[in-house]
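Secondary and tertiary structure notes
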Amino acid sequence: MWWMMGEAGGHYCSKKTDDICGGVCSQEPGRFFSFSRLCCALRGVDMKTYIFLLVIVPTCVLAGYVHGQKISYFLRPLWESPPKPFHDIPHYYHENASMETLCKLHGWGVRDYPRRVYDAVLFSNELDILAVRWRELFPYITQFVLLESNTTFTGLPKPLVFAAHRDEFKFIESRLTYGTVGGRFVKGQNPFYEEAYQRVALDQLLRIAGITDDDLLLMSDVDEIPSRHTINLLRWCDEIPKILHLRLKNYLYSFEFLVDNKSWRASIHRYETGKTRYAHYRQSDEILADAGWHCSFCFRRISEFIFKMKAYSHNDRVRFGHFLNPKRVQRVICKGADLFDMLPEEYTFKEIIGKMGPIPHSFSAVHLPSYLLENADKYRFLLPGNCIRESE
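Everything in this summary refers to the structure shown in the same document. (Residues numbered from 1 in each chain as written. Predicted model: local features only at pLDDT ≥ 70, side-chain atom pairs only at ≥ 80, totals over all residues. Heavy atoms only, no water.)

**A short note on the sheet that holds strand β15 (residues 286-288)**
Two orientations exist for strands paired in a sheet by backbone hydrogen bonds: parallel and antiparallel. Basically, it comes down to this: Only when DSSP finds a minimum of two bridges between them are two strands counted as paired. Helix and strand definitions here come from DSSP, where helices need a minimum of 4 consecutive H or I residues and strands a minimum of 2 consecutive E residues; each element is numbered from the N-terminal end. Orientation is described by axes fitted as lines to C-alpha atoms, over the contacting stretch for helices, and by angles from 0 to 180 degrees between their N-to-C directions. We call two residues in contact whenever any of their non-hydrogen atoms come within 4.5 Å of each other.
Strand order across the open sheet formed by eight strands is β3-β15-β11-β14-β8-β5-β6-β7, with mixed pairing between neighbours. Strands with a single pairing partner mark the edges of an open sheet, and in this sheet they are β3 (87-89) and β7 (176-181). With strand direction ignored, the average angle separating the axes of adjacent strands in the sheet is 25°. Most of the contacts of helix α7 (residues 127-137) go to strand β5 (residues 117-123), to which it runs at about 180°, and overall it touches β5, β6 (143-149), β7 and β8 (216-219). Where helix α9 (residues 191-209) meets the sheet, its contacts fall on β5, β6, β7 and β8, and the angle it forms with β6 comes to roughly 145°.

**Overview of the state of the cysteines**
Simply put, disulfide is the name for a covalent bond between the sulfur atoms of two cysteines. Formally: Note on disulfides: each one is a pair of cysteine sulfur atoms within 2.5 Å. Exposure categories follow from relative accessible area, calculated using a 1.4 Å probe and restricted to protein chains: below 20% of the type maximum is buried, above 50% is exposed, and the middle band is partly exposed.
Throughout the structure, instances matching the rule amount to three disulfides. The disulfide that involves Cys 103 links it to Cys 237, with 2.0 Å between the sulfurs. Judged by the sign of its S-S torsion, about -95°, the cystine formed by Cys 103 and Cys 237 is left-handed. Of this pair, Cys 103 sits in helix α6 (residues 99-105) while Cys 237 sits in strand β10 (residues 237-238), and the two are 134 residues apart along the sequence. By the burial criterion, Cys 103 is buried, and Cys 237 matches it. A disulfide bridge connects Cys 334 with Cys 387, and the sulfur atoms are separated by 2.1 Å. Disulfide Cys 334 to Cys 387: torsion about the S-S bond roughly 90°, handedness right-handed. With Cys 334 in helix α12 (residues 326-335) and Cys 387 in the segment after α14 (370-374), the pair connects residues that are 53 residues apart, well separated along the chain.

In structure tokens form, the structure reads like this:
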């Protein structure tokens with residue numbers, strides 16, 4: 001390189017640069033120095049590199065922004081091992097079989113009298129599914145315990161929905177222990193902290209309800225509904241596990257979209273004072289097969305879908321504002337797709353690929369909660385072939 005200093009502008013330019021760039025460097029001493037350097041740099045680059053820099057790189061950046069969560073979930077088998085398998089207990093039932101026979105088939109004895117059973121839930125706004133749940137469990141529950149807060153897990157203020165509709169549940173009033181807890185409105189806090197805080201408050205409400213040692217305590221979300229014959233079996237059989245998870249059929253939006261049979265968070269406990277704590281995570285390796293239904297996001301109104309998307313602990317999944325568009329929500333429901341445009345939460349590539357895409361439609365309404373079928377006109381939106389929701 002031969003370097004020259006311009007007399008007027010005091011700029012530096014190589015003779016070779018000036019030759020290659022057609023004299024741009026020498027035309028105006030200081031003004032075009034940076035441009036000439038860029039010009040020369042780019043003249044040495046071929047077309048493939050241009051395409052890579054101007055098309056491929058920006059496309060990859062945009063794809064990472066839009067689909068980063070999908071990429072992370074698809075690669076999950078590389079960075080997270082599957083949990084320890086449950087020990088599945090076969091579930092035997094027939095309406096004409098005696099309780100002694102059923103308990104014996106499970107390897108348990110039969111009691112002289114049934115245990116008391118407490119059903120405890122945290123409530124947000126799921127009025128329809130709560131009615132289906134309580135009607136299904138009504139014959140065998142000693143006390144229904146419900147706790148409601150004036151905030152969501154994400155800190156959003158909400159009305160006391162159950163309190164406003166309590167008259168609709170007069171059939172369990174004599175067996176209801178209802179409580180409220182004030183939300184803490186902590187902005188930016190992990191929603192799971194608020195959820196845990198409310199579950200501790202539910203422990204206190206259970207003590208007020210009168211639960212004692214060896215009573216059965218059902219721990220599950222409102223939309224995790226054990227079948228009534230499952231509860232009857234467990235209250236009559238002796239020597240059942242102290243903590244037993246319940247494997248439920250996993251539905252989305254209604255009983256038209258059967259996802260799988262892997263819902264496991266619901267559990268039933270033989271209560272121990274000072275030891276049993278209300279929780280919604282894995283607490284045992286024992287699980288009873290085919291014990292009920294989990295109907296997630298099973299709402300009557302589009303507005304209820306949108307509220308839950310913003311309110312529940314996984315609200316970070318709402319990555320874009322258009323996810324909450326009512327027309328989009330309706331389309332997704334009828335298609336059986338994912339409201340959050342996510343890949344399946346699985347631990348093997350085989351399971352992830354096998355579940356990709358919309359959930360297949362089911363046309364079976366066999367073995368569903370009896371109250372749902374007896375009141376099909378009222379709850380038609382939960383049955384196959386009725387995906388259109390009310391707007392408000």
